[in-house]
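One letter stands for each residue in the lines below.
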Amino acid sequence: MAEHSENPVESVKEKISEELHGHDSSSSSSSSDSDSDTKKPDSPSSVKAKIFRLFGRDRPVHHVLGGGKPADVFLWRNKKVSAGVLGGATAIWVLFELIEYHLLTLVCHISILALAVLFLWSNAHTFINKTPPHIPKVHLPEQPFLEIVSALTIEINRALVVLRSIASGRDLKKFLIVIAGLWVLSIVGSWSNFLTLFYIVFVLLHTVPVIYDKYEDKIDPIAEKATIEIKRQYAVFDAKVLSKIPKGPLKAKKV
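Residues numbered from 1 in each chain as written. Predicted model: local features only at pLDDT ≥ 70, side-chain atom pairs only at ≥ 80, totals over all residues. Heavy atoms only, no water.

A. A look at the overall build of the protein chain. For the protein chain, the helix and strand inventory stands at 10 helices and zero strands. Scanning the protein chain from its N terminus toward the C terminus, one meets helices and strands in the order α-α-α-α-α-α-α-α-α-α. Counting only residues that meet the buried cut, the protein chain has 11% of its 255 residues in that class. For the protein chain, the share of sequence-separated contacts (at least 6 apart) that also reach a separation of at least 24 residues comes to 53%. (Helix = DSSP H or I, 4+ residues; strand = E, 2+ residues; numbered from the N terminus. Buried < 20%, exposed > 50% of the residue type's maximum accessible area, 1.4 Å probe, protein only. Contact = heavy atoms within 4.5 Å.)

B. Region of interest: the packing of aromatic side chains. Tallied over the entire structure, the rule returns three aromatic pairs. Plain terms: the ring middles of Trp93 and Tyr199 are 5.0 Å apart, the flat faces sit at 10° to each other, and that makes the pair stacked. Highlighted residues: Trp93 in helix α5 (residues 79–98) and Tyr199 in helix α9 (residues 194–214), separated in sequence by 106 residues. For the ring pair Phe194 and Phe198, a centre distance of 6.3 Å and an interplane angle of 25° mean the geometry is stacked. With Phe194 and Phe198 both in helix α9 and four residues apart, this pair spans about one turn of that helix. Among the residues examined, Phe194 registers a relative accessible area of 67% and is labelled exposed. One aromatic cluster is present, built from ring pairs that chain together Phe194, Phe198 and Phe202. (Phe/Tyr/Trp six-rings, centres within 6.5 Å; stacked < 30°, edge-to-face > 60°.)

C. Expanded view of the nonpolar core. Judged by nonpolar contacts, Leu86, Ala89, Trp93, Tyr199 and Phe202 together constitute the single largest core of five residues. Every element with two or more residues in this core is listed here: α5 and α9. Broken down by element, the residue count for this core peaks at three residues, all from α5. Apart from the residues lying within four places of it in its own chain, the contact partners of Trp93 are Leu98, Leu195, Thr196 and Tyr199. (Core = buried A, V, L, I, M, F, W, Y, C linked by side-chain atoms within 4.5 Å.)

D. Representation of α9. The first and last C-alpha atoms of α9 sit 30 Å apart over 21 residues, in line with the 30 Å expected at 1.5 Å per residue. The largest bend along α9 measures about 30° and falls at Leu204. Looking at α9, one finds that the buried residues are Thr196, Leu197, Tyr199, Phe202, His206, Pro209 and Tyr212. Elements in contact with the buried residues of α9: α3 (61–64), α4 (69–74), α5, α8 (172–191) and α10 (216–240). (Expected span 1.5 Å × (residues − 1). Bend = angle between axes of the 7 residues up to and from the residue.)

E. Focus on the environment of Ala89. Checked against the element boundaries, Ala89 lands in helix α5. Take Ala89: its relative accessible area is 18%, and that puts it in the buried class. Separated by 110 residues in sequence, Ala89 and Tyr199 place their C-alpha atoms 7.2 Å apart. When neighbours within four sequence positions are excluded, Ala89 is seen to be in contact with Tyr199 and Phe202.

F. Region of interest: α10. Spanning 25 residues, α10 covers 35 Å between terminal C-alpha atoms, matching the ideal 36 Å at 1.5 Å per step. Every buried residue belonging to α10 is among Glu216, Asp220 and Ala223, and all of these are buried. At its buried positions, α10 is contacted by α3 and α9.

G. Structural view of the packing of α5 against α9. Direction vectors running N to C along α5 and α9 enclose 165°, while the axes themselves pass 11 Å from each other. When the interaxial angle is binned, α5 and α9 end up roughly antiparallel. α9 is crossed by α5, and the crossing has left-handed handedness. In contact with Ser82, Val85, Leu86, Ala89, Thr90, Trp93, Phe96 and Glu97 of α5, α9 contributes Leu195, Thr196, Tyr199, Phe202, Val203 and His206. Here the residues of the contact of α5 with α9 sort into nine nonpolar, four polar and one charged. (Axes fitted to C-alpha atoms, helices over the stretch in contact; angles between N-to-C directions. Parallel < 35°, antiparallel > 145°, perpendicular 65-115°, else oblique. Left-handed = near helix turned anticlockwise from the far one by under 90°. Nonpolar A, V, L, I, M, F, W, Y, C, P; charged D, E, K, R; others polar.)

H. Quick look at the confidence of the model for the protein chain. When pLDDT is averaged across the protein chain, the result is 75; 72% of the residues are at 70 or more. Here helix α2 (residues 44–49) stands out as the least confident element of the protein chain, with mean pLDDT 45; α5 is the most confident, with 89. Low confidence marks residues 1–6, where pLDDT is under 50. Its contacts with residues over four positions away, or in another chain, come to zero contacts. Note on residues 23–49: pLDDT is under 50 here. Beyond four places in sequence and across chains, it has three contacts. (pLDDT = per-residue confidence, 0-100.)

Structure representation (C-alpha coordinates):
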(Lines give C-alpha, C1' and ligand atoms only; values in the text may rest on other atoms or scores of the structure.)
Protein backbone atom coordinates (compact mmCIF):
# COMPACT_ATOMS: atom_id res chain seq x y z
CA MET A 1 0.00 0.00 0.00
CA ALA A 2 2.88 2.30 0.72
CA GLU A 3 4.27 1.72 -2.74
CA HIS A 4 0.92 2.57 -4.29
CA SER A 5 0.75 5.79 -2.24
CA GLU A 6 4.23 6.94 -3.30
CA ASN A 7 3.72 6.39 -7.05
CA PRO A 8 1.28 9.31 -7.60
CA VAL A 9 3.67 11.74 -5.89
CA GLU A 10 6.60 10.62 -8.02
CA SER A 11 4.50 10.81 -11.18
CA VAL A 12 3.51 14.39 -10.31
CA LYS A 13 7.17 15.30 -9.74
CA GLU A 14 8.13 13.78 -13.08
CA LYS A 15 5.42 15.73 -14.87
CA ILE A 16 6.56 18.99 -13.26
CA SER A 17 10.18 18.31 -14.20
CA GLU A 18 9.19 17.46 -17.77
CA GLU A 19 7.25 20.70 -18.06
CA LEU A 20 10.21 22.66 -16.73
CA HIS A 21 12.60 20.97 -19.21
CA GLY A 22 10.18 21.59 -22.04
CA HIS A 23 9.91 25.25 -21.12
CA ASP A 24 13.70 25.56 -20.96
CA SER A 25 14.10 23.88 -24.33
CA SER A 26 11.42 26.09 -25.92
CA SER A 27 13.00 29.21 -24.44
CA SER A 28 16.42 28.16 -25.64
CA SER A 29 15.06 27.42 -29.11
CA SER A 30 13.28 30.78 -29.19
CA SER A 31 16.47 32.53 -28.08
CA SER A 32 18.45 30.69 -30.73
CA ASP A 33 15.84 31.70 -33.31
CA SER A 34 16.07 35.31 -32.19
CA ASP A 35 19.86 35.12 -32.42
CA SER A 36 19.59 33.68 -35.89
CA ASP A 37 17.19 36.47 -36.80
CA THR A 38 19.57 39.11 -35.51
CA LYS A 39 22.43 37.55 -37.45
CA LYS A 40 20.83 38.06 -40.84
CA PRO A 41 22.94 37.74 -43.94
CA ASP A 42 24.15 40.87 -45.61
CA SER A 43 21.59 42.53 -47.80
CA PRO A 44 22.18 42.49 -51.56
CA SER A 45 22.78 46.24 -51.52
CA SER A 46 25.60 45.93 -48.95
CA VAL A 47 27.15 43.06 -50.90
CA LYS A 48 26.85 45.04 -54.10
CA ALA A 49 28.50 48.05 -52.47
CA LYS A 50 31.61 45.97 -51.78
CA ILE A 51 32.00 45.07 -55.44
CA PHE A 52 34.68 46.96 -57.36
CA ARG A 53 33.22 49.44 -59.84
CA LEU A 54 35.11 51.10 -62.66
CA PHE A 55 36.41 54.62 -61.81
CA GLY A 56 35.11 54.12 -58.24
CA ARG A 57 31.55 55.02 -59.19
CA ASP A 58 28.69 54.38 -56.77
CA ARG A 59 25.84 55.33 -59.11
CA PRO A 60 24.33 53.69 -62.20
CA VAL A 61 25.80 54.47 -65.60
CA HIS A 62 22.69 56.45 -66.53
CA HIS A 63 23.25 58.85 -63.61
CA VAL A 64 26.97 59.14 -64.38
CA LEU A 65 26.12 60.30 -67.93
CA GLY A 66 23.81 63.01 -66.61
CA GLY A 67 20.55 61.12 -66.19
CA GLY A 68 18.71 63.16 -68.85
CA LYS A 69 17.93 62.83 -72.54
CA PRO A 70 21.62 62.68 -73.59
CA ALA A 71 22.09 59.68 -71.28
CA ASP A 72 19.03 58.04 -72.84
CA VAL A 73 20.55 58.57 -76.28
CA PHE A 74 23.96 57.19 -75.30
CA LEU A 75 22.41 54.11 -73.61
CA TRP A 76 19.96 53.49 -76.48
CA ARG A 77 16.87 53.79 -74.29
CA ASN A 78 15.07 55.07 -77.40
CA LYS A 79 16.56 53.13 -80.28
CA LYS A 80 15.02 55.29 -83.02
CA VAL A 81 16.44 58.53 -81.61
CA SER A 82 19.86 57.00 -80.93
CA ALA A 83 20.03 55.45 -84.40
CA GLY A 84 18.96 58.77 -85.95
CA VAL A 85 21.62 60.74 -84.08
CA LEU A 86 24.36 58.26 -84.91
CA GLY A 87 23.19 58.07 -88.54
CA GLY A 88 23.23 61.86 -88.84
CA ALA A 89 26.75 62.05 -87.42
CA THR A 90 27.86 59.32 -89.84
CA ALA A 91 26.32 61.18 -92.80
CA ILE A 92 28.11 64.39 -91.80
CA TRP A 93 31.41 62.55 -91.45
CA VAL A 94 30.97 60.88 -94.86
CA LEU A 95 30.14 64.22 -96.51
CA PHE A 96 33.02 66.17 -95.02
CA GLU A 97 35.68 63.47 -94.78
CA LEU A 98 35.13 60.92 -97.55
CA ILE A 99 33.46 63.09 -100.18
CA GLU A 100 35.54 66.06 -98.97
CA TYR A 101 32.59 68.43 -98.93
CA HIS A 102 33.12 71.76 -97.18
CA LEU A 103 30.80 73.12 -94.53
CA LEU A 104 30.36 76.57 -96.10
CA THR A 105 29.69 75.03 -99.52
CA LEU A 106 27.12 72.62 -98.06
CA VAL A 107 25.28 75.40 -96.20
CA CYS A 108 25.22 77.61 -99.31
CA HIS A 109 23.95 74.78 -101.55
CA ILE A 110 21.19 73.82 -99.11
CA SER A 111 20.16 77.49 -98.77
CA ILE A 112 20.10 77.97 -102.57
CA LEU A 113 17.95 74.86 -103.05
CA ALA A 114 15.50 75.77 -100.28
CA LEU A 115 15.13 79.41 -101.39
CA ALA A 116 14.68 78.41 -105.04
CA VAL A 117 11.96 75.87 -104.23
CA LEU A 118 10.08 78.27 -101.94
CA PHE A 119 10.38 81.17 -104.39
CA LEU A 120 9.11 79.15 -107.35
CA TRP A 121 6.30 77.63 -105.30
CA SER A 122 5.22 81.05 -104.02
CA ASN A 123 5.01 82.49 -107.55
CA ALA A 124 3.59 79.42 -109.29
CA HIS A 125 0.78 78.57 -106.87
CA THR A 126 -1.79 80.32 -109.12
CA PHE A 127 -0.84 78.09 -112.06
CA ILE A 128 -0.79 74.79 -110.20
CA ASN A 129 -3.93 75.61 -108.16
CA LYS A 130 -2.28 75.05 -104.81
CA THR A 131 -2.01 77.20 -101.74
CA PRO A 132 1.24 79.09 -101.29
CA PRO A 133 3.72 77.59 -98.86
CA HIS A 134 3.50 78.62 -95.26
CA ILE A 135 6.92 79.87 -94.21
CA PRO A 136 7.06 79.86 -90.40
CA LYS A 137 8.78 82.56 -88.43
CA VAL A 138 11.97 81.26 -86.87
CA HIS A 139 13.04 82.77 -83.58
CA LEU A 140 15.85 81.28 -81.51
CA PRO A 141 15.34 81.59 -77.75
CA GLU A 142 18.19 82.95 -75.68
CA GLN A 143 17.77 80.69 -72.64
CA PRO A 144 19.15 77.42 -74.12
CA PHE A 145 22.24 79.19 -75.46
CA LEU A 146 22.82 80.89 -72.10
CA GLU A 147 22.53 77.52 -70.32
CA ILE A 148 25.00 75.91 -72.73
CA VAL A 149 27.47 78.76 -72.30
CA SER A 150 27.07 78.62 -68.51
CA ALA A 151 27.69 74.85 -68.45
CA LEU A 152 30.76 75.23 -70.68
CA THR A 153 32.07 78.03 -68.45
CA ILE A 154 31.73 75.84 -65.35
CA GLU A 155 33.54 72.91 -66.99
CA ILE A 156 36.32 75.15 -68.33
CA ASN A 157 36.82 76.65 -64.86
CA ARG A 158 37.03 73.16 -63.35
CA ALA A 159 39.62 72.17 -65.94
CA LEU A 160 41.63 75.30 -65.17
CA VAL A 161 41.55 74.51 -61.44
CA VAL A 162 42.78 70.97 -62.13
CA LEU A 163 45.56 72.25 -64.39
CA ARG A 164 46.58 74.79 -61.75
CA SER A 165 46.76 72.13 -59.05
CA ILE A 166 48.84 69.92 -61.34
CA ALA A 167 51.20 72.75 -62.27
CA SER A 168 51.75 73.57 -58.60
CA GLY A 169 53.68 70.29 -58.24
CA ARG A 170 51.67 68.89 -55.33
CA ASP A 171 50.52 65.65 -56.97
CA LEU A 172 53.17 63.85 -59.02
CA LYS A 173 50.88 60.93 -59.86
CA LYS A 174 48.19 63.16 -61.36
CA PHE A 175 50.87 65.08 -63.25
CA LEU A 176 52.20 61.91 -64.87
CA ILE A 177 48.68 60.73 -65.75
CA VAL A 178 47.81 64.03 -67.46
CA ILE A 179 51.12 64.13 -69.34
CA ALA A 180 50.64 60.54 -70.55
CA GLY A 181 47.05 61.28 -71.60
CA LEU A 182 48.05 64.39 -73.56
CA TRP A 183 50.89 62.49 -75.21
CA VAL A 184 48.55 59.69 -76.31
CA LEU A 185 46.02 62.26 -77.54
CA SER A 186 48.72 64.02 -79.57
CA ILE A 187 49.67 60.72 -81.22
CA VAL A 188 46.03 59.92 -82.02
CA GLY A 189 45.56 63.46 -83.35
CA SER A 190 48.48 63.00 -85.73
CA TRP A 191 46.76 59.98 -87.24
CA SER A 192 43.58 61.83 -88.21
CA ASN A 193 42.08 65.31 -88.36
CA PHE A 194 39.77 66.88 -85.80
CA LEU A 195 36.52 65.84 -87.53
CA THR A 196 37.51 62.18 -87.68
CA LEU A 197 38.67 62.26 -84.07
CA PHE A 198 35.40 63.91 -83.03
CA TYR A 199 33.42 61.27 -84.93
CA ILE A 200 35.39 58.45 -83.28
CA VAL A 201 34.65 59.90 -79.84
CA PHE A 202 30.99 60.28 -80.80
CA VAL A 203 30.77 56.64 -81.89
CA LEU A 204 32.52 55.50 -78.70
CA LEU A 205 29.99 57.44 -76.61
CA HIS A 206 27.20 55.55 -78.39
CA THR A 207 28.79 52.10 -77.98
CA VAL A 208 31.04 51.87 -74.90
CA PRO A 209 28.51 53.05 -72.23
CA VAL A 210 25.73 50.74 -73.45
CA ILE A 211 28.11 47.76 -73.62
CA TYR A 212 29.43 48.49 -70.13
CA ASP A 213 25.92 48.99 -68.76
CA LYS A 214 24.93 45.57 -70.14
CA TYR A 215 28.05 43.62 -69.11
CA GLU A 216 29.33 45.59 -66.10
CA ASP A 217 29.42 42.49 -63.86
CA LYS A 218 31.93 40.91 -66.25
CA ILE A 219 33.92 44.04 -67.06
CA ASP A 220 34.44 45.27 -63.47
CA PRO A 221 36.51 42.24 -62.33
CA ILE A 222 38.78 42.64 -65.36
CA ALA A 223 39.10 46.36 -64.65
CA GLU A 224 39.92 45.58 -61.02
CA LYS A 225 42.76 43.27 -62.04
CA ALA A 226 44.06 45.88 -64.50
CA THR A 227 43.91 48.59 -61.82
CA ILE A 228 45.84 46.42 -59.35
CA GLU A 229 48.49 45.69 -62.00
CA ILE A 230 48.80 49.38 -62.92
CA LYS A 231 49.23 50.33 -59.25
CA ARG A 232 51.87 47.63 -58.83
CA GLN A 233 53.80 48.85 -61.86
CA TYR A 234 53.54 52.43 -60.63
CA ALA A 235 54.87 51.37 -57.23
CA VAL A 236 57.85 49.72 -58.95
CA PHE A 237 58.42 52.83 -61.09
CA ASP A 238 58.14 55.03 -58.00
CA ALA A 239 60.65 52.91 -56.09
CA LYS A 240 63.19 52.72 -58.93
CA VAL A 241 62.87 56.16 -60.56
CA LEU A 242 60.70 58.73 -58.80
CA SER A 243 62.08 58.15 -55.33
CA LYS A 244 65.61 58.77 -56.61
CA ILE A 245 64.81 62.22 -58.01
CA PRO A 246 66.41 64.83 -55.73
CA LYS A 247 63.96 67.23 -54.15
CA GLY A 248 64.67 70.65 -52.70
CA PRO A 249 64.08 71.45 -49.02
CA LEU A 250 60.48 72.11 -48.13
CA LYS A 251 59.73 75.69 -47.18
CA ALA A 252 58.07 76.33 -43.88
CA LYS A 253 54.42 77.19 -44.27
CA LYS A 254 53.34 80.62 -43.17
CA VAL A 255 50.77 80.65 -40.43
